Amino acid sequence: MKLGSLYPAIAISILLLNFVIAVVSGEEDRHTPGFPQVTESSSTQLPIPINISDIEKAVSELYNRNLLSREEFEKLKNLNNLSLKEALSRISNDDVRNQLLNLYNKNMITSEDVEAFLNYLDTLKTSGVLDPIDELLALKALEILSNTIQNPYTSEIILRMFSVLKDLEVMRKGISIPEKFTPSSLASTGKPSPTLPQLFTPLLQLPTLPRLRFSLPNIPREVSVSIYIAFSIAIALIVGRKYLVSALNKLRIGLATGRTIQWINDVFLEAYWRSVYIVSTITGLRRYDWETHREFLEKVSNVLDSRVAEIFKDITYAYEEYRYGFKSSSGQRILGSFKKLVNYVKSYT
Amino acid sequence: MNIFNIIKRELIDREILIEKEVELKLITSALLSRGHILMEGVPGVAKTYTCKALAKLLGLSFKRIQMTPDLLPSDIIGFYVYDQKTGEFVLRKGPIFTNILLVDEINRASPRTQSALLEAMQEKQVTIEGEVFKLEEPFMVIATQNPVEMEGVFPLPEAQLDRFLIKIVTGYTSTQGLIKIMKRADEIEEAIESLKPVVTREEVLEDIAVVKNIKVEDSIYSYIASIVEETRRHTAVKLGASPRAAIALIKMAKAWAYINSRNYVIPDDVKAVAKPVLVHRIILKPEFEIQGVTAERVVDDVLIKVPVPKP
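Residues numbered from 1 in each chain as written. Chains lettered and ligands numbered in written order. Predicted model: local features only at pLDDT ≥ 70, side-chain atom pairs only at ≥ 80, totals over all residues. Heavy atoms only, no water.

**A look at the overall build of chain B**
In terms of helices and strands, chain B carries 14 helices and 11 strands. Expressed as a percentage of the 311 residues in chain B, the buried residues total 53%. For chain B, long-range pairs separated by at least 24 residues make up 77% of all intrachain contacts whose partners lie at least 6 apart in sequence. If you sum the accessible surface of chain B, you get close to 14400 Å²; carbon and sulfur atoms cover 53% of it. (Helix = DSSP H or I, 4+ residues; strand = E, 2+ residues; numbered from the N terminus. Buried < 20%, exposed > 50% of the residue type's maximum accessible area, 1.4 Å probe, protein only. Contact = heavy atoms within 4.5 Å. Areas by Shrake-Rupley, 256 points an atom, 1.4 Å probe, with all protein chains shown as cover.)

**Comments concerning helix 6 (residues 94–105) of chain A**
All names here are of chain A. Taking 1.5 Å per residue, 12 residues should reach 16 Å; helix 6 reaches 16 Å between its end C-alpha atoms and fits that length. Looking only at helix 6, the buried set comprises Val96, Leu100 and Leu103. Taken around the axis of helix 6, the buried residues stretch over an arc of 55°, which confines them to a single face. Each element contacted by the buried residues of helix 6 is listed here: helix 5 (84–90), helix 7 (111–127) and helix 8 (132–146). A side-chain oxygen of the first residue of helix 6 lies 3.0 Å from the backbone nitrogen of aspartate 95; this N-cap is asparagine 93. (Expected span 1.5 Å × (residues − 1). Arc of directions from axis to C-beta. Polar contact = N/O pair within 3.5 Å; in protein donor to acceptor, adjacent residues only side chain to side chain.)

**As for the interface of chain A and chain B**
The interface is formed by 18 residues belonging to chain A together with 20 residues belonging to chain B. When the two sides are added together, the surface that chain A and chain B hide from each other amounts to roughly 1700 Å², 59% of it contributed by carbon and sulfur. The largest contributions to the chain A side of the interface with chain B come from Trp290(A), Arg323(A) and Tyr324(A), which together make up 38% of the buried area. Linking chain A with chain B are 11 residue pairs in polar contact (both at pLDDT 80 or more), by the criterion used here. Secondary structure elements with two or more residues in the side of chain A that touches chain B: helix 12 (267–283), helix 13 (293–301) and helix 14 (306–323) of chain A. (Buried area = accessible area lost by both parts, 1.4 Å probe.)

**A few points about the packing of aromatic side chains**
Per the counting criterion, the structure on display carries 12 aromatic pairs over all chains. Geometrically, the ring pair formed by Tyr272(A) and Trp273(A) is edge-to-face, given 5.2 Å between the ring centres and 75° between the ring planes. We note that Tyr272(A), like Trp273(A), is buried. Chaining the aromatic ring pairs together yields one cluster made of Tyr272(A), Trp273(A), Phe296(A), Phe312(A), Tyr319(A) and Tyr324(A). The ring of Phe97(B) is capped by Lys93(B), whose NZ or CZ atom sits 4.8 Å from the centre of that ring. (Phe/Tyr/Trp six-rings, centres within 6.5 Å; stacked < 30°, edge-to-face > 60°. Lys NZ or Arg CZ within 6 Å of the ring centre and 35° of its normal.)

**Focus on helix 3 (residues 47–58) of chain B**
Residue and element names in this part refer to chain B. Given a rise of 1.5 Å per residue, 12 residues ought to cover 16 Å, and the 17 Å separating the end C-alpha atoms of helix 3 matches this to within 8%. Across the 12 residues that make up helix 3, a large majority, nine, are buried. Turning to helix 3, its buried residues number three or more, namely Lys47, Thr48, Thr50, Cys51, Ala53, Leu54, Ala55, Leu57 and Leu58. Immediately beyond the C-terminal end of helix 3, within one or two residues, lies glycine 59, with a positive phi of roughly 65°.

**Remarks on the sheet that holds strand 9 (residues 166–169) of chain B**
Residue and element names in this part refer to chain B. Within the open sheet, the five strands sit side by side as 2-5-8-1-9. Their pairing is parallel. Among the strands making up the open sheet, the edge pair consists of strand 2 (62–66) and strand 9. Pairwise comparison of adjacent strand axes, ignoring direction, gives a mean angle of 20° for this sheet. On the sheet, helix 2 (residues 21–32) packs against strand 1 (37–40), strand 8 (140–145) and strand 9 and is oriented at approximately 165° with respect to strand 9. (Pairing = 2+ DSSP bridges. Axes fitted to C-alpha atoms, helices over the stretch in contact; angles between N-to-C directions.)

**With respect to the pairing of strand 7 (residues 131–134) of chain B**
Residue and element names in this part refer to chain B. Strand direction decides the pairing type here: strand 6 (residues 125–128) and strand 7, joined by four bridges, are antiparallel. Within strand 7, the residue paired with valine 126 across the bridge is phenylalanine 133. Hairpin connection between strand 6 and strand 7: a loop of two residues separates the two successive antiparallel strands, and glutamate 129 in this loop has a positive phi of roughly 50°.

**Considering unusual backbone geometry**
All names here are of chain B. With an omega of -10°, the peptide bond between glutamate 137 and proline 138 qualifies as cis. For proline 138, the location among the structural elements is in the loop between strand 7 and strand 8. The amide bond that connects lysine 310 to the next residue, proline 311, takes the cis arrangement and shows omega of 5°. Its place among the elements puts proline 311 in the segment after helix 14 (295–305). One non-glycine residue with positive phi stands out, namely arginine 34, at about 60°. One can find arginine 34 in the loop between helix 2 and strand 1.

**Let's talk about a nonpolar patch on the surface**
Taken together, Val225(A), Tyr228(A), Ile229(A) and Ile233(A) make up a surface patch of nonpolar side chains, about 410 Å² in accessible area. Position of Val225(A) relative to the elements: it lies in helix 11 (residues 221–257). (Patch = residues over 30% accessible without salt bridge, like charges linked within 9 Å, V, L, I, M, F, W, Y side chains within 5 Å. Salt bridge = Lys/Arg side-chain N within 4 Å of Asp/Glu carboxyl O.)

**Digging into the side chain of Gln160(B)**
Residue and element names in this part refer to chain B. Counting through the fold element by element, glutamine 160 comes out in helix 6 (residues 158–162). Within the structure, glutamine 160 has its side chain in polar contact with the backbone oxygen of glutamine 114 (distance 2.8 Å). Here glutamine 160 is in contact with Ile106, Gln114, Ser115, Leu117 and Leu118, once residues within four sequence places are set aside.

**So, the pattern of salt bridges**
In the structure shown here, the tally under the stated rule is 38 salt bridges over all chains. For Glu169(A), the salt bridge identified is with Arg65(A), shortest N-O distance 3.3 Å. Taken together, the residues Glu169(A) in helix 9 (residues 153–173) and Arg65(A) in the loop between helix 3 (52–64) and helix 4 (70–76) connect sequence positions 104 residues apart. Close ionic contact of Lys305(B) with Glu230(B) constitutes a salt bridge, the shortest N to O distance being 3.4 Å. A residue pair is termed long-range when its members are at least 10 positions apart, and Lys305(B) in helix 14 and Glu230(B) in helix 10 (residues 218–233) qualify at 75 residues. Three or more residues are tied together by salt bridges with common partners; here these are Arg294(A), Glu320(A), Arg262(B) and Asp269(B).

**A word on the confidence of the model for chain A**
Residue and element names in this part refer to chain A. Summarising the model, chain A shows a mean pLDDT of 74, and 66% of its residues fall at 70 or more. In this model, residues 22–32 is a region of pLDDT below 50 whose contacts with residues beyond four sequence positions or in other chains number 11 contacts. Overall, residues 175–213 carries pLDDT values under 50, and its contacts beyond four positions in sequence, including any with other chains, amount to 57 contacts. (pLDDT = per-residue confidence, 0-100.)

**So, the environment of Leu136(A)**
Residues and elements named next belong to chain A. Considering the arrangement of structural elements, one finds leucine 136 in helix 8. Residue classification places leucine 136 among the buried residues on the basis of a relative accessible area of 0%. Along the primary structure leucine 136 and leucine 165 are separated by 29 residues, whereas in three dimensions their C-alpha atoms are 8.2 Å apart. The contacts of leucine 136, once residues within four sequence positions are left out, are Leu76, Met161, Val164 and Leu165.

**What to know about the packing of helix 2 of chain B against helix 11 (residues 243–259) of chain B**
Residue and element names in this part refer to chain B. At a minimum axis distance of 8 Å, the contact between helix 2 and helix 11 shows a crossing angle of 120°. In the packing of helix 2 onto helix 11, the handedness of the crossing is right-handed. Between helix 2 and helix 11, the contacting residues are Lys25, Leu26, Thr28, Ser29, Ala30 and Leu32 on the first element and Met252, Ala255, Trp256, Tyr258 and Ile259 on the second. Residue composition of the contact of helix 2 with helix 11, grouped by class: eight nonpolar, two polar and one charged. (Left-handed = near helix turned anticlockwise from the far one by under 90°. Nonpolar A, V, L, I, M, F, W, Y, C, P; charged D, E, K, R; others polar.)

See the structure below:
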């Protein structure tokens, strides 16, 4: 195979890869530019109502199962109807409270503010300095504040509250979440998994969070594997091309210089055509059927090393004399120069 | 040193003719092939100067005829006149009795006069009042024609076109060449007038004999045959190259090889002369001609299609 043909192969692989990704991602990524993307397709398949009263039920359930202390339960009591002031007063973390007060003091909060505060909570949570009860109350306060703006964060805040409760439950009961635990798998059964506690957990059946708007849809395993293999081959070909070319050239030159292959009955003519093959391999320039020996010589001379070009020129002129000038003595000249060419090319490669 | 090298040294190296090396090479090849030349080019591109300078250098007789519609065949060939002193008819030879005949604006002559050249060009002889006169060797007609003039001209018939060994299309020089010509205009004119023969007629005839004996390997004949046949198969061609074209191609290839200091023909020689030999012999289909297809392009297509001899 000509090395030049590897480039189209690489190009096709990359195109195929792009095409597969485009097709797969395009299925779920059609929305009007400039507008926030709505939740993914699962939202239409699982129209679970999001209601803060569900949180109250979950809190009661946790309390009934002794996973919440009395004090904690009191703090979270009547969560649905809490005012901003009440929510703030129940938060024990001063920093969180101050941050919320800062937000409140702003005349109008923006989506960026809400997002920044959620990130702030995430940071505190990761640092382990945020109590889950404080987090729930802070989220409630944020929910009240964010009501003044039209944004998609209300549902996210509620979902976060469910998430906090779920974490609380897992933490206090020492339950681990199964690896292949997906909302859709639970939704298909219509009831919670028997391995989970009897906690009302609408979170598990809720649609994907809006902030995951950039996530790709589920790609089938076969497609992923194909993409991975195609991509790996493409990268390997690009990176290893130089070495592959060199190796193939050596192989071809080795074959061409071997004594066992007889292409033409005349040994002198054969030497010329083998040298054409070698030079063609070195330069990557093919000799076309309509091209004369001199035209080919001129073409490759511009690319070849000057020493090799000189040797090949001598072979070509000797061939011309032998082939068309009926000068048999030129045959030996072809052979002599051919040997020089082979030796030079071998040492070179 | 062959004849072309001498001509080159005198005319090209001394810059008497500027950017005319290819034309000179073709004219010399045609002369050594004993063929005739049709030169096509707009006025003022040194067609006449080139022929004149060449004739002077070769020590050959040179005559020029300016063709007009009222020119008669006898004006070219010659005629018998009655000599009152001797009381006999005396032959007055026309300008065709020369070695190099420059026929300027050949397409301005009437078809009758044009056809008078046919016998001379093909047979190298003329018939006057039933008497045959051999023309002196070498005999070469260099006819010129202006490609842009359409009014008052008689386009050469195909039969006559085929009798020209080659057609040379002379173009304008480059800007640098033009500047050189302008600077040396007077010198060039004087230099051409003062040119002395550097090659004798006998030497030219010797070279013609050498060219005849240039070696041609069988595969070259096959290659030429394939080229000629391929011109007939081309979709844009109404009438392809004739067997005479094949003969012209081999003759020119031999002369080209000789000029390039070789005693054998290689495929490159055939390719080098293919266009001048074939373009005026190929008649295109009108629908392709309208689309802008040219005979030059057809020859290019053919040369790319026909494989050169192997191995």
